[in-house]
Amino acid sequence: MRRIAYLGPRGTFSEQAALDYAGDQSVELVPCESLQEVCLGVADGRYTQGVLPLENLIEGTVNPVLDLLLELPVLKIQAEMMLPVAHHLLVQPGSAVRDIRTVLSHPQALAQCRRYLARKLPAAKLLPVESTALAASMVAGGEKTMAAIGTTAAAKHYNLTTLEQNIQDRSNNCTRFVVVGREDIPCREVPCKTSLVVSLLDRPGALYSILKEFAWRGINLTRIESRPARTCLGEYIFFIDLEGHLGEPAVKEALEDITALSRQVRILGCYPACQSAGCQSGKKEETLEELRADIDIIDRQVIELLGKRAKLVTRVGELKQNAGQVRDPAREAQVLAQVRRLAQHHGLSPDVLETVYRTLLDYFVELQVNQLTSRVP
Ligand SMILES: O=C(O)C(=O)Cc1ccccc1
């Protein structure tokens, strides 16, 4: 039977995510003491898969998870899920807010309830522990002065009273979980996401040169996050999530190009994108300004590409002997035929695009003629 590991003990948010993921499949869910234990167990084959909290709407990335994904290259992201996260203040039966001296929970949970804690329990000591459910079990076996921040399931498992519900700083709080395994999963038909880690070359514009490969191909990035490379201070690696799968020509080409432009690129996984129900705000109407900003980006890219084309034309010019060799009617006809074909394919007028290209070709010819006439013999 498939064994799916999660951060335990029973009653964590990770358990909820693992239950959601398992659905009605018959799998064994295995609680682990730490996120490291989940990852090591998947890496060495004790568990088929592991469920990991990766990022939260209030607190952002769960850095230890990113670091584990970096340290264990055998781990592949196979799925993602969005889990609404509601935190409750759990105490021993009979305990009241005025009794509480210490609040225990997972560091993310403490951080997600920062405002509530400052307002209602400003003098309480905050004690981070491995998970919200571990905090609940410690409260159950501890003093009346202790409280845990955790789930309704944890209250039930450890016979605690819920003193206050929904104490997270935002009511729409949610956490994105990922499922890791050891294999890449086939991912094609459905909308997919691809996650990668990029280690940049140390030179000006290195990050820009990577990002523009996605931008001009219209590939949407859903996340970019940096972590120290741990080699020397000031060196970073970037975690990038993008919409699309590895079989899509645009994604494939972009990855080939950024591989050539970086120190190292590692694919963390390609997996079905979660249709985030109720967790994200959904797609909103685009405004005139947003559409115009997109058009401006495309114009910049068109001109950047024309600049690259001009450089190649100059290199061709270097191979020609004299200005008389510049015009090549057969080559021009070939270029124009391709332009017409592509214009048709992209729903544009072949005639208009041919006119534009004839103007461009005249300009490129002029560049080569100037280049050859100014050449020192
Ligand atoms: O401690 C838990 O319950 C976890 O699963 C980690 C966590 C903590 C806070 C929000 C989401 C996940």
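Please refer to the structure higher up on the page.
Here the structure is a predicted model, which is why all the values come from computation and not from measurement.

Trainee: Explain the site of the ligand here, please?
Mentor: Near the ligand, the surroundings consist of L7, T12, F13, S14, H106, Q108, Q112, S131, T132, T175 and F177. In the environment of the ligand, an oxygen atom lies 2.5 Å from a nitrogen or oxygen atom belonging to the side chain of S14. A distance of 2.5 Å separates an oxygen atom of the ligand from a polar atom in the side chain of T132. Contact with the protein chains hides 99% of the accessible area of the ligand, taken as 320 Å² for the molecule alone. Put simply, the ligand lies in the largest cavity. Of the residues assigned to the shell around the ligand, the class counts are three nonpolar, eight polar and no charged. Two domains each put at least three residues into the shell around the ligand: domain 1 (1-84 + 173-183) and domain 2 (88-167).

Trainee: Help me understand unusual backbone geometry, please; the structure alone is not making it clear to me.
Mentor: Only a minority of non-glycine residues have a phi that is not negative, and only a minority of peptide bonds are not trans. With omega at 0°, the peptide bond leading from G8 into P9 counts as cis. Locating P9 in the fold gives a position in the loop between strand 1 (3-7) and helix 1 (13-22). Its identity is not glycine, yet N159 carries a phi of approximately 50°, on the positive side. Here N159 lies in the loop between helix 7 (152-157) and strand 10 (161-164). For R230, which is not glycine, the phi torsion reads 65° and is therefore positive. Here R230 shows up in the loop between strand 13 (221-228) and strand 14 (236-243).

Trainee: So what exactly am I meant to see when it comes to the packing of helix 10 (residues 288-319) against helix 12 (residues 350-373) here?
Mentor: Any two packed helices are characterised by how steeply their axes cross, that is the angle between the axes, and by the distance between the axes. At a minimum axis separation of 9 Å, helix 10 and helix 12 run at an interaxial angle of 45°. One finds that helix 10 runs oblique with respect to helix 12. Note on packing geometry: the crossing formed by helix 10 with helix 12 is right-handed. Side by side, helix 10 and helix 12 meet where L306, R309, A310, V313, T314, V316, G317 and E318 of the first sit next to Y357, L360, L361, F364, L367, Q368, Q371 and L372 of the second. Looking at side-chain class alone, the contact of helix 10 with helix 12 contains 10 nonpolar, four polar and two charged residues.

Trainee: What is the right way to read empty space enclosed by the protein from this model?
Mentor: The gaps of empty space that remain are located by a probe, the size of a water molecule, rolled over the atoms. Tallying each qualifying case throughout the model produces two cavities of 30 Å³ or more. Each pocket or cavity is described by its volume, and for the largest cavity that value is around 180 Å³. F13, P53, H106, Q108 and F177 are, among the 16 residues lining the largest cavity, the residues nearest its centre. Among the elements of the structure, helix 1, helix 4 (107-112) and strand 11 (174-181) are those that each provide at least two residues to the lining of the largest cavity. For the lining of the largest cavity, the element with the most residues is helix 4, which contributes three residues. Each residue belonging to the lining of the largest cavity can be placed in one class, and the counts come to seven nonpolar, nine polar and no charged. Looking at the lining of the largest cavity, you find at least three residues from each of domain 1 (1-84 + 173-183) and domain 2 (88-167). Listing elements by their share of the lining of the second largest cavity, those giving two or more residues are helix 3 (63-71), strand 12 (192-199) and strand 14.

Trainee: It is not clear to me how the packing of aromatic side chains should be interpreted in this structure. Could you clarify?
Mentor: Two aromatic rings, taken as a pair, are described by how far apart their centres are and by the angle between their planes. Under the definition given, this model contains one aromatic pair. For the ring pair Y363 and F364, a centre distance of 5.5 Å and an interplane angle of 45° mean the geometry is tilted.

Trainee: Explain the pattern of salt bridges to me, please; I cannot follow it from the model alone.
Mentor: In total, this model carries 27 salt bridges according to the counting rule given. One salt bridge connects R10 with E15, and the closest N-O pair in it is separated by 2.4 Å. Judged by relative accessible area, R10 falls into the partly exposed class, the value being 43%. Put simply, E213 and R217 hold a salt bridge, and the shortest N to O gap is 2.9 Å. R217 shares its class with E213; the two are buried. Each of E55, E80, R176, K193, R223, E225 and D241 takes part in a single network of salt bridges with overlapping partners.

Criteria and cut-off values
Residues numbered from 1 in each chain as written. Predicted model: local features only at pLDDT ≥ 70, side-chain atom pairs only at ≥ 80, totals over all residues. Heavy atoms only, no water. Near = heavy atom within 4 Å. Polar contact = N/O pair within 3.5 Å; in protein donor to acceptor, adjacent residues only side chain to side chain. Areas by Shrake-Rupley, 256 points an atom, 1.4 Å probe, with all protein chains shown as cover. 1 Å grid on protein atoms, 1.4 Å probe; cavity = no way out; pocket = protein on both sides within 12 Å on 5 of 7 lines; lining within 4 Å. Sits in = over half its atoms within 2 Å of the grid points. Nonpolar A, V, L, I, M, F, W, Y, C, P; charged D, E, K, R; others polar. Domains from an automatic or database assignment. Helix = DSSP H or I, 4+ residues; strand = E, 2+ residues; numbered from the N terminus. Axes fitted to C-alpha atoms, helices over the stretch in contact; angles between N-to-C directions. Parallel < 35°, antiparallel > 145°, perpendicular 65-115°, else oblique. Left-handed = near helix turned anticlockwise from the far one by under 90°. Contact = heavy atoms within 4.5 Å. Points joined across faces, edges and corners; volume = space filled by probe spheres on them. Phe/Tyr/Trp six-rings, centres within 6.5 Å; stacked < 30°, edge-to-face > 60°. Salt bridge = Lys/Arg side-chain N within 4 Å of Asp/Glu carboxyl O. Buried < 20%, exposed > 50% of the residue type's maximum accessible area, 1.4 Å probe, protein only.

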